[in-house]
Amino acid sequence: DSGVTQTPKHLITATGQRVTLRCSPRSGDLSVYWYQQSLDQGLQFLIQYYNGEERAKGNILERFSAQQFPDLHSELNLSSLELGDSALYFCASRPRDSDLTGELFFGEGSRLTVL
Amino acid sequence: AQRVTQPEKLLSVFKGAPVELKCNYSYSGSPELFWYVQYSRQRLQLLLRHISRESIKGFTADLNKGETSFHLKKPFAQEEDSAMYYCALNSGGSQGNLIFGKGTKLSVKP
């Protein structure tokens, strides 16, 4: 599957803990976007990387951080977890030659449950 | 501020009835707008984009700059249209992030 892949699919952890979510973009895509999906807030943009560099930041908490590695995969680190961090975390990538198309390709998401 | 508003959390219609999912946006400049759909247990995917002026699966959406709206319409709903629908706005540029509305869950009853 050459689509966006995310691991793990499901993760259950306790408050105060730290987790790392991983994303591999589609082959050839340089941009990676992270979104948080919760029942009340819908899809919230967290952060974007382009070819290893942070491009844009959204509603990302200071307890969260991310990076994009030379092989273009990205990791989202969530620390000091709280109950409210329970959500579905999506990664998406975008083709480099996507002027005016705007299409993001999404992964299946990582479901985080904080107990 | 850039914002996308979908006023309905849930829309329930019967099969064969017309459907309109509302979307309003706030953006200074010329907006790029999209509709994404998430079927049950599937990943979020692009349904249509305003710039293409296309019809996908019988759905259309017209950009109304005067009303700052981009409502999604289908004349005759099908059960397989049941899904979560998100309206999205490109924040700017070819690699800008997408700002999503909170989504509308469409339920089409038999």
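For the structure, see preceding data.
A brief report on the enclosed structure follows. In this text the structure is predicted, and so the values were computed from the model without any measurement.

**Section: the overall build of chain B**
(1) Moving on: On a plain count of helices and strands, chain B comes out with zero helices and eleven strands.
(2) Moving on: Element order for chain B, N to C, with α for helix and β for strand: β-β-β-β-β-β-β-β-β-β-β.
(3) Moving on: Compactness check: chain B gives a C-alpha radius of gyration of 13 Å against a globular reference of 13 Å for 110 residues, within 12% of the reference.
(4) Moving on: The principal-axis extent of the C-alpha atoms belonging to chain B is close to 40 × 30 × 25 Å.
(5) Moving on: Taking all 110 residues of chain B together, the buried fraction comes to 46%.
(6) Moving on: Counting contacts in chain B only where the partners sit at least 6 residues apart, residues at least 24 apart contribute 58% of the total.
(7) Moving on: Summing over all exposed atoms, chain B offers an accessible surface of approximately 5,500 Å²; the carbon and sulfur share of this is 50%.
(8) Moving on: Measuring between centres, the 15 positive side-chain charges of chain B sit 6 Å from its 9 negative side-chain charges.

**Notes on the pairing of strand β2 (residues 10-14) of chain B**
All names here are of chain B.
(1) Moving on: Burial along β2 is one-sided: Leu 11 and Val 13 are buried, and none of Leu 10, Ser 12 and Phe 14, which face the opposite way, are.
(2) Moving on: Alignment of β2 against strand β11 (residues 104-109), held across five bridges, turns out to be parallel. Following the sheet pairing, Ser 12 is matched in β11 by Ser 107.

**Topic: the sheet that holds strand β3 (residues 19-24) of chain A**
Residues and elements named next belong to chain A.
(1) Moving on: One open sheet holds the four strands; their spatial order is β1-β3-β8-β7, and the pairing between them is antiparallel. In the strand order of this sheet, the two ends are held by β1 (5-7) and β7 (64-68), each with one partner. Averaged over all pairs of adjacent strands, the angle between their axes in this sheet comes to 15°, without regard to strand direction.
(2) Moving on: Sheet analysis places β7 next to strand β8 (residues 74-78), joined by five bridges and oriented antiparallel. Bridge assignment links Gln 67 to a residue of β8, and that residue is Glu 75.

**Some words on the side chain of Gln 36 of chain A**
All names here are of chain A.
(1) Moving on: Mapped onto the secondary structure, Gln 36 falls in strand β4 (residues 31-38).
(2) Moving on: Within the structure, the side chain of Gln 36 is placed 2.9 Å from the side chain of Tyr 89, a separation counted as a polar contact.
(3) Moving on: Gln 36 has contacts with Gly 42, Leu 43, Gln 44, Leu 46, Phe 64, Asp 85, Ala 87, Leu 88 and Tyr 89, leaving out every residue within four places of it along the chain.

**Describing the pattern of salt bridges**
(1) Moving on: Summed over all chains, the structure comprises nine salt bridges over all chains.
(2) Moving on: A salt bridge links Arg 49 of chain B to Glu 103 of chain A, with the shortest nitrogen-to-oxygen separation between them at 3.1 Å. Pair noted here: Arg 49 of chain B is in strand β6 (residues 45-49) and Glu 103 of chain A is in the loop between β9 (87-94) and β10 (105-106), and the two residues belong to different chains. Note on accessibility: Arg 49 of chain B and Glu 103 of chain A belong to one class, buried.
(3) Moving on: A salt bridge links Asp 81 of chain B to Lys 74 of chain B, with the nearest nitrogen and oxygen atoms 2.9 Å apart.
(4) Moving on: On the basis of relative accessibility, which here comes to 3%, the residue Asp 81 of chain B falls in the buried class.
(5) Moving on: Residues joined by salt bridges that share partners form a network here, namely Lys 9 and Glu 108 of chain A together with Arg 43 of chain B.

**Considering the interface of chain A and chain B**
(1) Moving on: If you look at the interface, chain A gives 29 residues, while chain B gives 20 residues.
(2) Moving on: Carbon and sulfur atoms make up 46% of the area that chain A and chain B hide from each other, which totals about 2,000 Å².
(3) Moving on: Linking chain A with chain B are two salt bridges.
(4) Moving on: In this assembly, chain A and chain B are joined by seven residue pairs in polar contact (both at pLDDT 80 or more).
(5) Moving on: With five residues, strand β5 (residues 42-50) of chain A is the largest single contributor of residues to the side of chain A that touches chain B.
(6) Moving on: Its residues assigned to classes, the side of chain A that touches chain B shows twelve nonpolar, nine polar and eight charged.

**Some thoughts on unusual backbone geometry**
Residues and elements named next belong to chain A.
(1) Moving on: Pro 8 follows Thr 7 through a cis peptide bond whose omega is -10°.
(2) Moving on: Looking at where Pro 8 falls in the secondary structure, it is placed in the loop between β1 and β2 (10-13).
(3) Moving on: Look at Leu 72: it is not a glycine, yet its phi comes out positive at around 80°.
(4) Moving on: By relative accessible area, Leu 72 is classed as buried at 16%.

**Some points on the sheet that holds strand β7 (residues 60-61) of chain B**
Residues and elements named next belong to chain B.
(1) Moving on: Strands sit in the order β3-β8-β7 across an open sheet of three strands; the sheet is antiparallel. Only two strands of the sheet have a single neighbouring strand rather than two, namely β3 (19-21) and β7.
(2) Moving on: Looking at chain direction, β7 and strand β8 (residues 72-74) are connected through two bridges and run antiparallel. Within β8, the position partnered with Thr 60 by the bridge is Lys 73.

So, how was this worked out
Residues numbered from 1 in each chain as written. Chains lettered and ligands numbered in written order. Predicted model: local features only at pLDDT ≥ 70, side-chain atom pairs only at ≥ 80, totals over all residues. Heavy atoms only, no water. Helix = DSSP H or I, 4+ residues; strand = E, 2+ residues; numbered from the N terminus. Rg over C-alpha atoms; globule rule 2.2 N^0.38 Å. Buried < 20%, exposed > 50% of the residue type's maximum accessible area, 1.4 Å probe, protein only. Contact = heavy atoms within 4.5 Å. Areas by Shrake-Rupley, 256 points an atom, 1.4 Å probe, with all protein chains shown as cover. Lys, Arg positive; Asp, Glu negative; His and termini not counted. Charge placed at Lys NZ, Arg CZ, Asp CG, Glu CD. Pairing = 2+ DSSP bridges. Axes fitted to C-alpha atoms, helices over the stretch in contact; angles between N-to-C directions. Polar contact = N/O pair within 3.5 Å; in protein donor to acceptor, adjacent residues only side chain to side chain. Salt bridge = Lys/Arg side-chain N within 4 Å of Asp/Glu carboxyl O. Buried area = accessible area lost by both parts, 1.4 Å probe. Nonpolar A, V, L, I, M, F, W, Y, C, P; charged D, E, K, R; others polar.

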